Amino acid sequence: MSARQGHKGLLKLAGVAGWPVHHSLSPFLHNYWLKKSNLNGAYTLFAVHPDEANYAFQSLKRTTISGLNITIPLKGLAYGAADEVTSDARKLGVCNVLYKKQGKLIGHNTDMEGFASPLLHHIGHNFILNNTVTLIGAGGAARAVLGSLLALGVPEIRLLNRTDERAKQLATNINIPSLYACEWVKRQQAIAGTGLLINASSAGMSGYDALDVDLSLMPDDAWIYDLVYTPLLTPLMRKAQNRGLRTIGGLDMLIAQARPSFKLFYG
Ligand code: NAP
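The following refers to the structure shown. (Residues numbered from 1 in each chain as written. Predicted model: local features only at pLDDT ≥ 70, side-chain atom pairs only at ≥ 80, totals over all residues. Heavy atoms only, no water.)

What to know about the site of the ligand
Okay, so step 1: Near the ligand you find 24 residues, and of these A141, N161, R162, T163 and R166 are the closest.
Okay, so step 2: A distance of 2.7 Å is found between an oxygen atom of the ligand and a side-chain nitrogen or oxygen belonging to N161.
Okay, so step 3: Bound to the protein, the ligand loses 85% of the 940 Å² it would expose on its own.
Okay, so step 4: Of all the secondary structure elements, the ones that give two or more residues to the shell around the ligand are α8 (140–152) and α12 (250–266).
Okay, so step 5: It is α12 that contributes the most residues to the shell around the ligand, 4 residues altogether.
Okay, so step 6: Looking at the shell around the ligand residue by residue, the class counts come to 11 nonpolar, 9 polar and 4 charged. (Near = heavy atom within 4 Å. Polar contact = N/O pair within 3.5 Å; in protein donor to acceptor, adjacent residues only side chain to side chain. Areas by Shrake-Rupley, 256 points an atom, 1.4 Å probe, with all protein chains shown as cover. Helix = DSSP H or I, 4+ residues; strand = E, 2+ residues; numbered from the N terminus. Nonpolar A, V, L, I, M, F, W, Y, C, P; charged D, E, K, R; others polar.)

Focus: the sheet that holds strand β8 (residues 156–160)
Okay, so step 1: The strand order β9-β8-β7-β10-β11-β12 describes an open sheet built from 6 strands, whose pairing is parallel. Where the open sheet ends on each side, the last strands, each with one partner, are β9 (179–181) and β12 (246–248). On average, each strand axis in the sheet is tilted by 20° relative to the strand beside it, whichever way the strands run.
Okay, so step 2: On the sheet, helix α9 (residues 164–174) packs against β8 and β9 and is oriented at approximately 155° with respect to β9. (Pairing = 2+ DSSP bridges. Axes fitted to C-alpha atoms, helices over the stretch in contact; angles between N-to-C directions. Contact = heavy atoms within 4.5 Å.)

A look at the packing of aromatic side chains
Aromatic rings considered in pairs are described by the distance between their centres and by the relative angle of their planes.
Okay, so step 1: This structure, assessed with the given rule, holds 4 aromatic pairs.
Okay, so step 2: Taking 4.7 Å as the distance between ring centres and 10° as the angle between the ring planes, the aromatic pair formed by F115 and Y225 counts as stacked. Of this pair, F115 sits in helix α6 (residues 111–123) while Y225 is found in strand β11 (residues 223–226), placing the two residues 110 residues apart along the sequence. Of the two residues examined, F115 and Y225, each falls in the buried class.
Okay, so step 3: Geometrically, the ring pair formed by F262 and Y266 is tilted, given 4.9 Å between the ring centres and 50° between the ring planes. Taken together, the positions of F262 and Y266, both in helix α12 and 4 residues apart, correspond to about one turn of that helix. The pair formed by F262 and Y266 is uniform in burial state, with each residue classed as buried.
Okay, so step 4: An aromatic cluster is built from W33, F262, F265 and Y266, whose rings are joined through pairwise contacts. (Phe/Tyr/Trp six-rings, centres within 6.5 Å; stacked < 30°, edge-to-face > 60°. Buried < 20%, exposed > 50% of the residue type's maximum accessible area, 1.4 Å probe, protein only.)

Written out as structure tokens, the structure reads:
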């Protein structure tokens, strides 16, 4: 019996790699979908130290693991370890999924799709086309949000980041007139009058400081979209709801970005 035949019928194993990784909700989602679909598979946590990440990712090709979701701080390292990257991953320069195809390790990114799906579902394209958006953050998640917003044709994006230089750099790299960086100290002016405020920073995550922003000058019909999902109801969402604003939490995006990776891992 060949090695290939020998692996037939084995349960399909996938997981999420990060450092730390214990906070990830992905195993709950994937194992729930596996059970619901009656598939012979399992999904688990892999704590991978950044110093060992390249070796661990390369080793995937010699295991029966179907693929991995990648979380903080390994997304850039996953991009570097991939034999090939998809166009979505190339746009962002980071991967949140690694999977195997014909013996090669493919790097992909489902964050743009994952961000856009709840946005369009809850807020709708018309609102997006007719409102200014303020985006907070300049890391990997912010880049995915920008990719989605630009593809959706948002008329004006104000970019804020605690470290101003990173926001300026990101806006300069993308270099389109509808996107510009604002100073962190002047964030209240940037947020005033904006129809949609997106938090793509880690602020508000369990163990991190809450996001220090004032929502009082936002229009009454404005939306807040917080990518943070631990806790499910973040301090920013609570503040917005007390002010009567509508909110989307990070869980919606987590589910939407996990769906395509489930298909890649389990068929
Ligand atoms: P990252 O690359 O490490 O970037 C972190 C960003 O957060 C930086 O811009 C950093 O600003 C900012 N930041 C950290 N603490 C802050 C604070 N106290 N106040 C203001 N800004 C602060 O992380 P990432 O991959 O972009 O992820 C960011 C967040 O999005 C995380 O909470 C992550 O869990 C979440 N996320 C959620 C989903 C989902 O599916 N819902 C998907 C991806 C990411 P500086 O530049 O000043 O350090």
